[in-house]
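Structural overview
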Amino acid sequence: MRMRGVTYDTGFISEGSSTHPDFDEGRVLREMEIIRHDLHCTAVRVTGGDPGRLEIAARAAAAAGLEVWFSPFTNDLTQEETLDVLADCAERAERIRLAGAEVVMVTGAEHMLFTRGFFPGETLQDRLASLHDRNAVEAAVTELPFLLNRFLARAVDVVRARFGGRVTYASLPSEPVNWEPFDFIAVDAYRSADVADRYADSIRQLARLGKPLVISEFGCTTCKGAADLGGHGMFIVEWDGARAVRLKGDFERDESEQSRYFTECFDLFEEAGVDTAFWCTFASYNLPYDNDSQADFDRASYGIVRVCKEGTGKTYPDMPWEPKEAFYTIAKRYGAGA
């Protein structure tokens, strides 16, 4: 595999709250050094809705020697507002690229759900609810190939007018993307019980489409049975925007679930000829660990470190988290590929 990576969340914004509420520039710089030298990543996909934060994280990643995937992840914006963010981010990414870093610009993520105008609903919650309305889904799906690819063509034009590096888009597997304008095919591809019987074949088919294949997200959360949930693992929590309110039931903590999931998926990606893969994610700062099982939101976290409610960890006394088992599993595998 050419590049081995992890995503780094600078803050996804939902209903006015952020998934990275205590963003600290000094800590970001240190975490990028750990991602490069201890986790042995060669690339990092920096995501989030604030262009300024994205630039801070991207510069820190470049300073650590990582290939930077500059990936705005917006929510509840109109298509025109999203294009404005992409223009801003492309200019920031180009400055970093011209300073000598290897940078890939990602023209957003999963627009079908997170950008207004493709599915009914002004908010993400409205759009998710519309997925249970058969008539609404059928009508939206009919128009989606035209609407989505028209928007993505505009997005590529906006980005390439400002950015001289390679360009892609982080898609849902179900999005009917025309990949012709892009340099990579990139898919947020979570294996779950619902797709397990066809997951491997779908990855192999994507890898044969003639462009380098990137798994822009894969992973599972930190509880027993999380591998079967795949990308739906976060829904074991009741949410208020980006803030966890409570767990929806009793979920047994199991860090080994992440390790097994990573190994099985990464084996497949290497066998299929995937170019680059990003485990999602390094840390979920909005889902801290707690000794009380009913308040341990880390069980719903895709992070490979468990975030402390207060204080710092023991392994890295300057960091407010402690590595999970998957941290060491990934570090060993990525280090072996160096």
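Our subject in this report is the structure included herewith. If you're wondering where the values come from, they're calculated on a predicted model, not measured in any experiment.

Procedures and definitions
Residues numbered from 1 in each chain as written. Predicted model: local features only at pLDDT ≥ 70, side-chain atom pairs only at ≥ 80, totals over all residues. Heavy atoms only, no water. Helix = DSSP H or I, 4+ residues; strand = E, 2+ residues; numbered from the N terminus. Contact = heavy atoms within 4.5 Å. Polar contact = N/O pair within 3.5 Å; in protein donor to acceptor, adjacent residues only side chain to side chain. Axes fitted to C-alpha atoms, helices over the stretch in contact; angles between N-to-C directions. Left-handed = near helix turned anticlockwise from the far one by under 90°. Pairing = 2+ DSSP bridges. Phe/Tyr/Trp six-rings, centres within 6.5 Å; stacked < 30°, edge-to-face > 60°. Buried < 20%, exposed > 50% of the residue type's maximum accessible area, 1.4 Å probe, protein only. Lys NZ or Arg CZ within 6 Å of the ring centre and 35° of its normal.

1. Quick word on the environment of Asp 296
Its location among the elements puts Asp 296 in the loop between strand S12 (276-279) and strand S13 (305-307). Sequence separation between Asp 296 and Arg 253 is 43 residues, and the spatial gap between their C-alpha atoms is 8.6 Å. Filtering out sequence-adjacent residues up to four positions away, Asp 296 remains in contact with Leu 247, Arg 253, Pro 288, Tyr 289 and Asp 290. Polar side-chain contacts of Asp 296 include one of 2.8 Å to the side chain of Arg 299.

2. Description of the packing of helix H1 (residues 25-37) against helix H2 (residues 51-63)
The interhelical angle for the contact between H1 and H2, taken along N-to-C directions, is 35 degrees, at an axis separation of 8 Å. Crossing hand, H1 versus H2: right-handed. Contacts from Glu 25, Val 28, Leu 29 and Met 32 in H1 reach Ile 56, Ala 57, Ala 60 and Ala 61 in H2.

3. Topic: unusual backbone geometry
Of the consecutive residues Cys 280 and Thr 281, the connecting peptide bond is found in the cis state with omega at 15 degrees. Locating Thr 281 in the fold gives a position in the loop between S12 and S13. The phi angle at Glu 15 is positive, at roughly 50 degrees, despite the residue not being glycine. For Glu 15, the position within the fold is in the loop between strand S2 (13-14) and strand S3 (17-18). Despite not being glycine, Asp 76 has its phi angle at roughly 65 degrees, a positive value.

4. A few points about the sheet that holds strand S4 (residues 43-48)
The strand order S1-S4-S5-S6-S7-S8-S9-S12 describes a closed barrel built from eight strands, whose pairing is parallel. In this sheet, adjacent strand axes meet at a mean angle of 25 degrees when their direction is disregarded. Across four bridges, the pairing between strand S1 (residues 3-9) and S12 is parallel. If you follow Gly 5 over to S12, its bridge partner there is Phe 278.

5. A few points about the packing of aromatic side chains
Evaluation of the coordinates by the stated rule reveals 21 aromatic pairs. Here Trp 69 and Phe 278 contribute two aromatic rings whose centre-to-centre distance is 5.3 Å and whose plane-to-plane angle is 65 degrees, an arrangement assigned as edge-to-face. Placement of Trp 69 in strand S5 (residues 67-72) and of Phe 278 in strand S12 is noted, with a sequence separation of 209 residues between them. According to the relative accessible area criterion, Trp 69 is buried, its value standing at 2%. Aromatic side chains Trp 179 and Phe 182 sit 5.5 Å apart centroid to centroid with 65 degrees between the ring planes, which places their arrangement in the edge-to-face category. Assessed through its relative accessible area of 2%, Phe 182 is described here as buried. Put simply, the rings of Phe 218, Tyr 261, Phe 262, Phe 266, Phe 269, Trp 279 and Tyr 334 touch in pairs and so form one group of aromatic residues. Positioned above the aromatic ring of Tyr 285 is the side chain of Arg 27, whose terminal nitrogen or guanidinium carbon lies 4.3 Å from the ring centre.

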